[in-house]
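Structural characterization, general
What follows is each chain in one-letter form.
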Amino acid sequence: MKGFFSTQEIQTTSMIGKKRLSCVSCGLFTNATSPKMAPHGEFEKDILIIDESPTLKDDERGRPWSGAQGRLLRKTLKDLGIDMDKDCETIYAVRCLPTNKKGDPVKPLPMHCAACRTSVIKHIKARQPKLIIACGILSVNSIIGHRWQKDLGGITKWRGWVIPDQDFKCWVAPVFHPGQVLNADPVHKTIFKQDLRRAVDHVETPWPRHKKPVIEYIDDLSPLNDITGQVSIDYETT
């Protein structure tokens, strides 16, 4: 079974165009109380959650999901039999609090995401999760933005899928960011819970490995006399 994310990776992951990005070029760490936020969670069920970026409260406390959106995610997962702190580990697509030149919190930019991408991918490959829950489109960008050559679009394009990623060798489940559904109508909260349920149901589902077909070349057509059952023939000619 071929993975949904099968585009060949480019040579380096932390680039936009021809510009190589790093913590120095990003610069967000200079104003952060908790720069390069460390992963949090005991990871007992091999579930990796990727949040978009720290909030001001996260940055002050030095841990993720400190506010109301964290309580929503924690409760929703608990209803599904998942203890977010024990069963999961959380990392960020952008590890430092995004701020402007005045030090005021702002929305993270794609260049901030690209600067952190190498560390995110390195962490995924080291931890080898069974499931990645990508909260919000920036988190999706973090793990496939260097492979996806088209416009990523919004999270509504991706949510609801549980994708067997052939590079990370695990399931990837994009979902709405909890902040998007915190004050939304009940329908969005129901969709959010359904998407998370679909995701956690895959934790114990064997990941489908792509097997290369066995190809046998023949010099004459006599072996075809022994074939039984359905046959597919592909004609190629000049």
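1. Details of the overall build of the chain
Each helix and strand in the chain was counted, giving eight helices and seven strands. Along the longest, intermediate and shortest principal axes, the C-alpha atoms of the chain span 75 × 45 × 30 Å. Buried positions account for 43% of the 238 residues belonging to the chain. A separation threshold of at least 6 residues defines the contact pool for the chain, and within that pool the share at least 24 residues apart is 73%. Across the chain, the 35 positively charged side chains and the 28 negatively charged ones have centroids separated by 8 Å.

2. Here we look at the sheet that holds strand β5 (residues 131–135)
Sheet architecture is open: five strands sit in the order β4-β3-β5-β7-β6, paired in mixed fashion. In this open sheet, the two edge strands, each paired with only one partner strand, are β4 (88–92) and β6 (163–165). For this sheet the average axis-to-axis angle between neighbouring strands, irrespective of direction, equals 30°. With five bridges connecting them, strand β3 (residues 47–51) and β4 associate as parallel partners. Across the sheet, the residue bridging to leucine 48 is glutamate 89, located in β4. In the packing of helix α5 (residues 110–127) onto the sheet, the strands contacted are β3, β4 and β5, and the crossing angle to β4 comes to about 160°.

3. Some points on the side chain of serine 139
Inspection of the secondary structure assignment puts serine 139 in helix α6 (residues 137–144). A polar contact is formed between the side chain of serine 139 and the backbone oxygen of cysteine 135, at a distance of 2.9 Å.

4. As for the packing of aromatic side chains
The geometry of an aromatic ring pair is captured by two quantities: the separation of the ring centres and the angle between the planes. Tallying each qualifying case throughout the model produces one aromatic pair. With 5.0 Å between their ring centres and 75° between their planes, tryptophan 148 and tryptophan 158 make a pair best called edge-to-face. Of this pair, tryptophan 148 sits in the loop between α6 and β6 while tryptophan 158 sits in the loop between α6 and β6, and the two are 10 residues apart along the sequence. Above the ring of phenylalanine 29, the side-chain terminus of lysine 36 is found at 5.9 Å from the ring centroid. Just above the ring of phenylalanine 168 sits the side chain of arginine 147; from NZ or CZ to the centre is 5.0 Å.

5. Some points on α6
Of all the eight residues making up α6, seven are buried; the element is thus mostly covered by neighbouring parts of the structure. Against β3, α5, β5 and β7 (170–175) lie the buried residues of α6.

6. Comments concerning the confidence of the model for the chain
Counting all residues, the mean pLDDT for the chain is 88, and 92% of those residues have values of 70 or more. Across residues 1–12 the pLDDT falls below 50, and counting only partners more than four positions away or on other chains, this stretch makes 31 contacts in the model.

7. Here's the deal with the pattern of salt bridges
Per the stated rule, a full pass over the model turns up 11 salt bridges. Across the pair aspartate 195 and arginine 159 runs a salt bridge whose closest N-O atoms are separated by 2.6 Å. Placement of the pair is aspartate 195 in helix α8 (residues 186–200) and arginine 159 in the loop between α6 and β6, with a sequence separation of 36 residues. You can call aspartate 195 buried: its relative accessible area is 3%. For arginine 159, a relative accessible area of 24% corresponds to the partly exposed category. Through salt bridges with shared partners, one network takes in Arg63, Arg74 and Asp85.

8. Considering unusual backbone geometry
Here the phi dihedral of phenylalanine 43 falls at roughly 65°; this positive angle occurs in a residue that is not glycine. Of note, the phi angle at tryptophan 65 is positive, near 55°, even though the residue is not glycine. Mapped onto the elements of the fold, tryptophan 65 is located in the loop between α2 (56–61) and α3 (68–79).

Each value, and the rule that gives it
- Each residue is numbered by its place in its chain's sequence as written, counting from 1.
- Selection of residues for local features in this predicted model requires a pLDDT of at least 70, selection of side-chain atom pairs for listing and counting requires 80 or more, and totals for whole chains, interfaces and linings are taken over all residues.
- Where side-chain values are given, they derive from all heavy atoms of the structure, hydrogens and water being excluded.
- Each helix is a run of H or I in the DSSP string that is no shorter than four residues. Each strand is a run of E no shorter than two, and both are numbered from the N terminus.
- When a residue's accessible area, from a 1.4 Å probe over protein chains only, is under 20% of the maximum for its type it is buried; when over 50% it is exposed; and in between it is partly exposed.
- By definition in these notes, contact holds between two residues if any of their heavy atoms fall within 4.5 Å.
- This count recognises Lys and Arg as positive and Asp and Glu as negative, with His and chain-terminal groups excluded.
- The atoms used to mark charge sites are NZ of Lys, CZ of Arg, CG of Asp and CD of Glu.
- When DSSP finds two or more bridges between two strands, those strands count as paired.
- Angles run from 0 to 180 degrees between N-to-C directions of axes, and those axes are lines fitted to C-alpha atoms, restricted for helices to the stretch in contact.
- In the analysis that follows, any N or O atom pair within 3.5 Å is treated as a polar contact, provided that within protein one partner can donate a hydrogen and the other can accept it, and provided that, for residues neighboring in sequence, both atoms belong to side chains.
- Two rings from Phe, Tyr or Trp (for Trp, the six-membered ring) form a pair when their centres sit within 6.5 Å of each other. Planes less than 30 degrees apart are called stacked, planes more than 60 degrees apart edge-to-face, and all others tilted.
- Charge-over-ring placement is defined geometrically: NZ (Lys) or CZ (Arg) within 6 Å of the ring centre, and within 35 degrees of the ring normal.
- Note: pLDDT gives the predictor's confidence per residue, expressed from 0 to 100.
- Put simply, a salt bridge is a Lys or Arg side-chain nitrogen that is within 4 Å of an Asp or Glu carboxyl oxygen.

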